[in-house]
Amino acid sequence: MRNKGAIRLLAIVFALVSIYQLMFTYQVKTVEKDARLFGAGDIKKEQTYLDSIRGEKVYSFLGLRDYTYKECKELEMNLGLDLKGGMNVTMEVSVVDIIKAMANNSKDETFVAAIAKAKQMQADSQSDFVTLFGKAFSEINPSAQLSSPDIFGTLELKDKIAFGASNDEVLKVLKKETEAAIDNTFNILRSRIDRFGVAQPNIQKADVSGRIIIELPGIKDAARVRKLLQGTASLEFWETYTYSEIGGALNAVNTKLAEINALSEVIEATPEVKKEVKADEEVALLDKIEGESQDSLSNAKDLAKKYPLFSVLNPNQGRGGSSLAVVGYSHIKDTARVNRIFEMPVVKSVIPRDLKLFWGVKAIDDGGNVFELYAIKVTSRDGKAPLDGDVVTSAREEIDQQTASAEVSMSMNGEGAKVWARLTKDNLKRSIAIVLDGYVYSAPTVQSEIKGGSSSISGNFTIAEAKDLANILKSGKLPAPAHIIADEVVGPSLGQESVQRGMWSFIIAFSLILLYMFFFYSKGAGLTANVALITNLFFIFGVLASLGAVLTLPGIAGIVLTIGMSVDANVLIFERIQEEIKSGKGLGLAISDGYKNAYSAIIDGNLTTLLTGIILYIFGEGPIKGFATTLVIGIISSLFAAIFITRLFFEGRLERKKNITFTTKLTDNWLRNTAITFIQKRKVFYIISALAIIASITSLSTRGLNQGIDFTGGRTYVVAFDQPVVVGEIAKSLDVVYGHAPEVKTFGGDSQVKISTKYKIDEDGVEIDDEVEALLFEGLKKYLPAGTTMESFLENNRKMSQKVGPTIADDIRQSAVWSILFALIVIFLYIMIRFSNWQYGLGAVAALAHDTIIVLGIFSATYSIMPFSLEIDQAFIAAILTVVGYSINDTVVVFDRIREYLGLHPKRDPEEVINSALNSTLRRTFSTSLSTLVVLLAIFFFGGTSIQGFTFALIVGVVVGTYSSLFIATPIAYDTKLSIQKVIAKKK
């Protein structure tokens, strides 16, 4: 093998990078183990410990770079919600509301009718709403102008839409403004999530414009999340205090708390008085705060008693800051304690009644730990801000020509301009705070009175920060409400169960594969293949960690399946080497030629599977994308391990003059000299397949498929009980509260059920989600232990909930159809080009269609009798595409051998040559199919209920796919080519 040194170096570098990436996960788990020991079961203490070391260095990489716990946490391998528990939310920004707001809720008949028609068109279209609106507007009234003063020719848009502008020009502006509003909504949601206190939250824009996907690991209170995410953004402008004005009040607070501390010490020494004074809520709350304030420093307790406030809030005594309104600084772990102090009635009695305290939205230190506290002055009787975001007409980031620093330019409407002029006049050389959702984004100092409503805000911004602030300011004029169109809640107990089951399925499947390879290919080749498999596994996890990928249960299934399929490359190579040895070649030459002759089949087979994985990644969402990610990474990694790592081992043994065995006595002649007449018996298999296809189509047309909510829309809940329940009784009880009987199935045992309902799925709003869950609890109450509350039911009994709105269900259904069709087209084209023969492509695609129909037919015929769920959902589509990838891999290997044999024996009877080629692949087909089935069976039995339907589809697909590769794909290619030859012969 050439370039052994380069390949060895690449393997070492690959291994070092994997170790480097996985060390962050190891360090995080070590720190969190220490936190659990420190907390001794108290989750709050665990979190306090982790907060205290958030910015501390916990890992040093070769002494070159130190990493804090926070940095390691950001770089660790993330677990998906199905493994950790939490909430996944898909939100859609209401472009309809944005357009209405830009038109000042115009009552123009054409405008109103176009909005309504565009909504109808959107149900069956993948185009963006602005495009559909423009099309509908032109169809309703071709002569109408969008730039009309009654629609978009408003005073607020005069700088963007010229008088008499064409409809196309107006639509361009609408697209630009709606995208800006969507970006702004995304930033607001991201800001809210960052403050929600969730470890490793994830928010990203979906491929569909206007959709935002949010993952919140560890979340239990789903109702709170829904309210937080769907609440309207509140933008306000406030007057402020300086530290010199309220410093005395802060000192008074500190003194008052110190007095309470001293009193509590006296109480401790006087037991008979203790009961009376302990009842005072101030003492009780202060004791709680003091207990949380203690740390490992010897004088921390005394400091907290003498300076209760200033031990958690560092006062801004003339130290400056980002604004004159900053009155103190706190570590992130102390901000909640500061909030609780200022909520105490005894504290409220010593501070000004018109004082509000808001935290800054961003940390001011590099470690992201220190936050500023701003003093807000309430000047109105109703306690509202003197100016809100509705008055802002436009805002944009700019570069100051003199200072070359970023700033924000802002314009207001007439009413806002008057109030802004008064505010700036009354607050010269003071700060005005810009507050969104209760957090200060900026508090610029007023240099002069600002008339006309146009002003610039400077504040040592970066360009990105100035852009974010401009977007925040624009939210006042362009509200972009976002609605939850799909969400999924996974309870931590179900997540923990998934982890355990996933790991068991992984360990069992991997062990069986290692044993099989060792048994079938001896301790020589088999042991080498096992080393390559272990190396491959190590590389997969290293790449996943370096990419920041999220490991999900389907992801684990993808890794395990990849391991099973990666055996195929080793099997192809070992079978080729054995053939070369039996032909009389020496061991070294046999190994060299074996690898060389196996490359074609390996590359063709894996490349077609890789194409399927890429299509799955493009069209899939959420867990399916995670499955595709691990599948693609696994295929690439397994190729490297099988082709290069094993070759390095063999070359090393050859250099040391050691023998290498590739089989055992028991397996040496297994399926070696078969003589099955595949082509002659093809009509028998045509009949068998035709009967199976007819039966499948009959079942599909009569019984249909058990479509999950991914395709129909609806809500699904997995609920666990303390004792076995009867699904019929559960359905009757829920029929009473919902007005219709939802679908109820046993899910993983007699004491756990899966409930699916479409109750009010067409209606949006937090109150609807709360109502559905409240009715669920009401219907199930009599099956729960006495005294069970709504809160305990949602936290303990509801293991998982999922909501999919009709709009996203329609999109999922369309993307599923397109992904399968696109996969078939790509595979047909690849095989046609690769084999320079369209008949091979036709045979392969026909076999794939055959496999897909039969798998669908089996699902249709058995979904009501199987003890596990056979719903057609996104996971099923992933399974179908994986079956397509596996089947085409098998078919390509067979075609590759046929092409080789036809080239070696051009004058022999084609039927005889093809039969010989098919028989020669049986050992490889047996080993690959068996190893893959072993893996899938391990996942099926040990991987958990939630993935059984997915795995069942793969098991059926592997069996049917192996059959079709031998008995359908090749005969169809043969008959097609033969019939064409006969037509040509007749013409001659």
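Refer to the preceding data block for the structure.
Small disclaimer: the values here were computed from a predicted structure and weren't measured.

## Some points on the overall build of the protein chain
Check the secondary structure of the protein chain and you find 32 helices and 23 strands. Of all 988 residues assigned to the protein chain, the portion counted as buried reaches 53%. Residue pairs at least 24 apart in sequence account for 74% of intrachain contacts in the protein chain once pairs closer than 6 positions are excluded. If you sum the accessible surface of the protein chain, you get close to 44,400 Å²; carbon and sulfur atoms cover 58% of it.

## What about the pattern of salt bridges?
Following the criterion strictly, the structure yields 36 salt bridges and no others. A salt bridge links E71 to R65, with the shortest nitrogen-to-oxygen separation between them at 3.3 Å. The class for E71 is partly exposed, based on a relative accessible area of 26%. A salt bridge links D890 to R924, with the shortest nitrogen-to-oxygen separation between them at 2.2 Å. You can see D890 sitting in helix α29 (residues 874-904) and its partner R924 sitting in helix α31 (residues 922-942), a full 34 residues away along the chain. For the pair D890 and R924, one class covers both residues: buried. Salt bridges sharing partners connect three or more residues here, namely E575, K582, D668, R672 and R923.

## Some points on the packing of aromatic side chains
One pass over the full model with this rule turns up 36 aromatic pairs. With centroids separated by 5.9 Å and ring planes inclined at 20°, the aromatic side chains of Y59 and Y67 adopt a geometry described as stacked. Residues Y59 and Y67 agree in their burial class; the two are buried. Taken together, Y516, F520, Y521, F574, Y595, F650, F662, W670 and F926 form an aromatic cluster joined through their ring pairs. One residue, K377, lies across the ring of Y241, its end atom 5.1 Å from the ring centre. The aromatic ring of Y863 is capped on one face by R703, whose charged end is 4.6 Å from the ring centroid.

## Looking at the nonpolar core
Counting 115 residues, the largest nonpolar core has F574 and I831 as the members making the most contacts within it. Counting residues per element, this core draws most heavily on helix α18 (residues 492-547), which supplies 17 residues. Apart from residues lying up to four places away in sequence, F574 is in contact with M517, Y521, A525, A529, F650 and F662. Counting 48 residues, the second-largest nonpolar core is a separate cluster that includes V95, M102, A144 and F186.

## Section: the sheet that holds strand β5 (residues 202-205)
Taken in spatial order, the eight strands line up as β5-β6-β4-β18-β23-β20-β22-β21 in an open sheet, and their pairing is antiparallel. Of all the strands in the sheet, the pair left with one neighbour each is β5 and β21 (743-746). Averaged over neighbouring strand pairs, the angle between their axes works out to 15° when direction is ignored. Where strand β20 (residues 714-720) meets strand β22 (residues 752-757), six bridges bridge the pair, whose relative direction is antiparallel.

## With respect to a nonpolar patch on the surface
Together, W504, L937, F941 and F942 line one region of the surface with nonpolar side chains, adding up to about 450 Å² of accessible area. Structurally, the position occupied by F942 is in helix α31.

## Considerations on the environment of Q47
Relative to the assigned elements, Q47 resides in helix α2 (residues 43-52). Considering only alpha carbons, one finds Q47 and K333, 286 residues apart in sequence, at a separation of 9.3 Å.

## As for the packing of α29 against helix α30 (residues 910-920)
Direction vectors running N to C along α29 and α30 enclose 135°, while the axes themselves pass 9 Å from each other. On the basis of the axis angle, α29 is oblique to α30. The element α29 and its partner α30 pack so that their crossing is right-handed. Facing α29, whose interface residues are V894, R897, I898, Y901 and L902, α30 presents V913, I914, S916, A917, L918 and S920. Here the residues of the contact of α29 with α30 are counted per class, giving eight nonpolar, two polar and one charged.

## What to know about the side chain of E871
You can see E871 is positioned in the loop between α28 (838-862) and α29. Among the residues examined, E871 registers a relative accessible area of 12% and is labelled buried. Once residues within four sequence positions are removed from consideration, E871 is found in contact with N706, G708, E743, K754, S756 and F876.

## A few points about helix α20 (residues 587-619)
Taking 1.5 Å as the rise per residue, α20 with 33 residues should run 48 Å; its terminal C-alpha atoms sit 47 Å apart, in good agreement. Along its length, α20 reaches its greatest deviation from straightness, about 35°, at Y599.

## A look at a negative patch on the surface
Together, D762, E763, D764 and E767 make up a negatively charged patch on the protein surface. By secondary structure assignment, the location of D762 is in the loop between β22 and α25 (766-780). Residue D762 is classed as exposed on the basis of its relative accessible area of 63%.

## Re unusual backbone geometry
Phi angles above zero are rare outside glycine, and K429 is one such case at about 65°. Here K429 shows up in the loop between α16 (414-426) and β15 (432-436). Accessibility expressed as a relative area gives 53% for K429, which makes it exposed. The residue K760 is not glycine, and still its phi comes out positive at about 55°. Mapped onto the elements of the fold, K760 is located in the loop between β22 and α25. On the accessibility criterion, K760 (29% relative accessible area) is partly exposed.

## Points about the pairing of β15
A large share of β15 lies buried, amounting to five of its five residues. Bridge count for strand β7 (residues 235-240) against β15 is five bridges, and the pairing is antiparallel. Note on β15: the bridge partner recorded for E236 is V435. Relative to strand β16 (residues 439-442), β15 runs antiparallel, the two sharing three bridges. Directly across from V435, in β16, lies its bridge partner V440. Remark: two residues form the turn of the hairpin made by β15 and β16, two consecutive strands paired antiparallel; D437 in that turn has positive phi of roughly 55°.

Rules used throughout
- Residues numbered from 1 in each chain as written.
- Predicted model: local features only at pLDDT ≥ 70, side-chain atom pairs only at ≥ 80, totals over all residues.
- Heavy atoms only, no water.
- Helix = DSSP H or I, 4+ residues; strand = E, 2+ residues; numbered from the N terminus.
- Buried < 20%, exposed > 50% of the residue type's maximum accessible area, 1.4 Å probe, protein only.
- Contact = heavy atoms within 4.5 Å.
- Areas by Shrake-Rupley, 256 points an atom, 1.4 Å probe, with all protein chains shown as cover.
- Salt bridge = Lys/Arg side-chain N within 4 Å of Asp/Glu carboxyl O.
- Phe/Tyr/Trp six-rings, centres within 6.5 Å; stacked < 30°, edge-to-face > 60°.
- Lys NZ or Arg CZ within 6 Å of the ring centre and 35° of its normal.
- Core = buried A, V, L, I, M, F, W, Y, C linked by side-chain atoms within 4.5 Å.
- Pairing = 2+ DSSP bridges.
- Axes fitted to C-alpha atoms, helices over the stretch in contact; angles between N-to-C directions.
- Patch = residues over 30% accessible without salt bridge, like charges linked within 9 Å, V, L, I, M, F, W, Y side chains within 5 Å.
- Parallel < 35°, antiparallel > 145°, perpendicular 65-115°, else oblique.
- Left-handed = near helix turned anticlockwise from the far one by under 90°.
- Nonpolar A, V, L, I, M, F, W, Y, C, P; charged D, E, K, R; others polar.
- Expected span 1.5 Å × (residues − 1).
- Bend = angle between axes of the 7 residues up to and from the residue.
- Lys, Arg positive; Asp, Glu negative; His and termini not counted.
- Charge placed at Lys NZ, Arg CZ, Asp CG, Glu CD.

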